[in-house]
Amino acid sequence: GDSVTQMEGPVTLSEEAFLTINCTYTATGYPSLFWYVQYPGEGLQLLLKATKADDKGSNKGFEATYRKETTSFHLEKGSVQVSDSAVYFCARSNAGGTSYGKLTFGQGTILTVHP
Amino acid sequence: NAGVTQTPKFRILKIGQSMTLQCAQDMNHNYMYWYRQDPGMGLKLIYYSVGAGITDKGEVPNGYNVSRSTTEDFPLRLELAAPSQTSVYFCASTQGWEQFFGPGTRLTVL
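Just so you know, these numbers come straight off a predicted model, no measurement behind them. (Residues numbered from 1 in each chain as written. Chains lettered and ligands numbered in written order. Predicted model: local features only at pLDDT ≥ 70, side-chain atom pairs only at ≥ 80, totals over all residues. Heavy atoms only, no water.)

A. The arrangement of the packing of aromatic side chains in detail. Tallied over the full model, the rule gives twelve aromatic pairs over all chains. Centroid distance F105 of chain A to F101 of chain B: 6.1 Å. Interplanar angle 75 degrees. Geometry classified as edge-to-face. Within this pair, whereas F105 of chain A is found in strand β11 (residues 103-105), its partner F101 of chain B is found in strand β10 (residues 100-101), the two belonging to separate chains. F101 of chain B shares its class with F105 of chain A; the two are buried. A connected cluster of aromatic rings, assembled from ring pairs, spans F34, Y36, F89 and F105 of chain A together with Y33, Y35, F90 and F101 of chain B. (Phe/Tyr/Trp six-rings, centres within 6.5 Å; stacked < 30°, edge-to-face > 60°. Helix = DSSP H or I, 4+ residues; strand = E, 2+ residues; numbered from the N terminus. Buried < 20%, exposed > 50% of the residue type's maximum accessible area, 1.4 Å probe, protein only.)

This is the structure in structure tokens:
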């Protein structure tokens, strides 16, 4: 079935450090891929997306490239800020014609950025 | 637009009690979802709906029920609460590929 695997966390970085959070997905169908972010005490919100192979999603300095050959969608940011501290979720759309907008989420990665 | 709203924000239940978690959206979305979020486990889909009067089970439906009498509202009912239902519950809606989430309800069953 559909699944998403994220790197084990949590991740702790100093401000201005480079961030990578790994994400791989099962290759069933032609999924769209997403990164969602959850700030403390809030619901999830979409950070970026990519809908086909080789697409690059970007937002707020974060980037992720849809790699079909490695079934990966790793999240990167060149210089993190304290305000980026949050939980990050990788997700894929479900396969099949009756997916009804459903998503499969990874387990989430907690990012803490220290000044 | 208020987006997706959920009530209550917090609730403590005793084992065997029942309650309804409310969810409403004002974006005229057809698709709505209920998730539970357990620590380190990501989000698991409980139930979803593709329109008023149409609901279906997700990955973890046992112990829950839903209804969808209007496009706007999608309440989640817990009957006979159990400690295993202690979790954070999120409602979401979509009309395309981006799901919009409510702020969540933190439920503790003691």
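B. Summary view of the layout of surface pockets. Size it by volume and the largest pocket reaches roughly 680 Å³. Together, 34 residues line the largest pocket, and Q38 of chain A together with Q37, V88, F90 and R106 of chain B are the ones closest to its centre. Residue assignment for the lining of the largest pocket shows that the elements contributing at least two residues are β10 (86-93) and β12 (109-114) of chain A together with β9 (87-94) and β11 (105-109) of chain B. Counting residues per element, the lining of the largest pocket draws most heavily on β11 of chain B, at four residues. Residue composition of the lining of the largest pocket, grouped by class: 15 nonpolar, 14 polar and five charged. Each pocket or cavity is described by its volume, and for the second largest pocket that value is around 320 Å³. Around the second largest pocket, the lining comprises 18 residues; the ones closest to its centre are T104 and F105 of chain A together with L43, K44 and E59 of chain B. Mapped by element, the contributors of at least two residues to the lining of the second largest pocket are β11 of chain A together with β5 (43-51) of chain B. Looking at the lining of the second largest pocket, its residues break down into seven nonpolar, seven polar and four charged. (1 Å grid on protein atoms, 1.4 Å probe; cavity = no way out; pocket = protein on both sides within 12 Å on 5 of 7 lines; lining within 4 Å. Points joined across faces, edges and corners; volume = space filled by probe spheres on them. Nonpolar A, V, L, I, M, F, W, Y, C, P; charged D, E, K, R; others polar.)

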